[in-house]
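# Understanding the architecture of this molecule
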Amino acid sequence: MMEMKFCPVCATSLIERADEQEAGKLRLACPEGHWTHWDNPLPVLAALVELDGKIMLARNAAWPEKSFALITGFMERGETPEQGVARELKEETDLNADQITLLGVYEFIRKNELIIAYHVKASGTVTLSPELVEYRLIEPEKLRPWNAGTGHAMADWMRSRGLEPVYREWEGK
């Protein structure tokens, strides 16, 4: 059963309405014209963390064993992407972001996200937040990116180092 959604302005039930300015694309909207749900992608920050010459991959508490990925998180109001990726790294691992370099911007259509990925040279001692249950430090040549989302960022970073990525399937949900 679909959850009922209401206009945040007038509390009227939202309806699907064709947006005539965008070739009839359906959008949830207030029938009174007060509000439209655009459903735009969310910006997500990703850090390919380099610590002592190795790349840190972490496992989220909600993921199956053997499923490791880059450090990721959402931007917050009032911060730049670089500040946000440094904050996420600190919150999730207690590491310091010493050098932050943009890798690129990547689509992740399945989750309606736009990933802004950085290579982050970090320092400090790893202390994981409750969100993460374990981490690994991997030699760059042994990295195996997955063929979506943050995997594309990892593959681009590898290519920039003269390493040819070998893709794998994502083991998570």
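First, a word on what this report is: a plain description of the structure on this page. (Residues numbered from 1 in each chain as written. Predicted model: local features only at pLDDT ≥ 70, side-chain atom pairs only at ≥ 80, totals over all residues. Heavy atoms only, no water.)

## Overview of the environment of K90
Within the secondary structure, K90 is located in helix α1 (residues 81-93). For K90, a relative accessible area of 36% gives the class partly exposed. K90 sits 44 residues away from E134 along the chain, and the two C-alpha atoms are 16 Å apart. (Helix = DSSP H or I, 4+ residues; strand = E, 2+ residues; numbered from the N terminus. Buried < 20%, exposed > 50% of the residue type's maximum accessible area, 1.4 Å probe, protein only.)

## Details of the pairing of strand β6 (residues 71-74)
Side-chain direction in a regular strand flips from residue to residue, so the side chains alternate between the two faces of the sheet. Alternating residues of β6 divide into I71 and G73, all buried, and T72 and F74, none buried. Note: strand β4 (residues 42-51) against β6, four bridges, orientation antiparallel. Bridge pairing links A47 to I71 in β6. (Pairing = 2+ DSSP bridges.)

## A word on unusual backbone geometry
Phi angles above zero are rare outside glycine, and K66 is one such case at about 75°. If you trace the backbone, K66 turns up in the loop between β5 (54-60) and β6. The residue N112 is not glycine, and still its phi comes out positive at about 55°. Assignment of secondary structure puts N112 in the loop between β7 (96-108) and β8 (113-123). Assessed through its relative accessible area of 28%, N112 is described here as partly exposed.

That is the geometry; function is a separate question.
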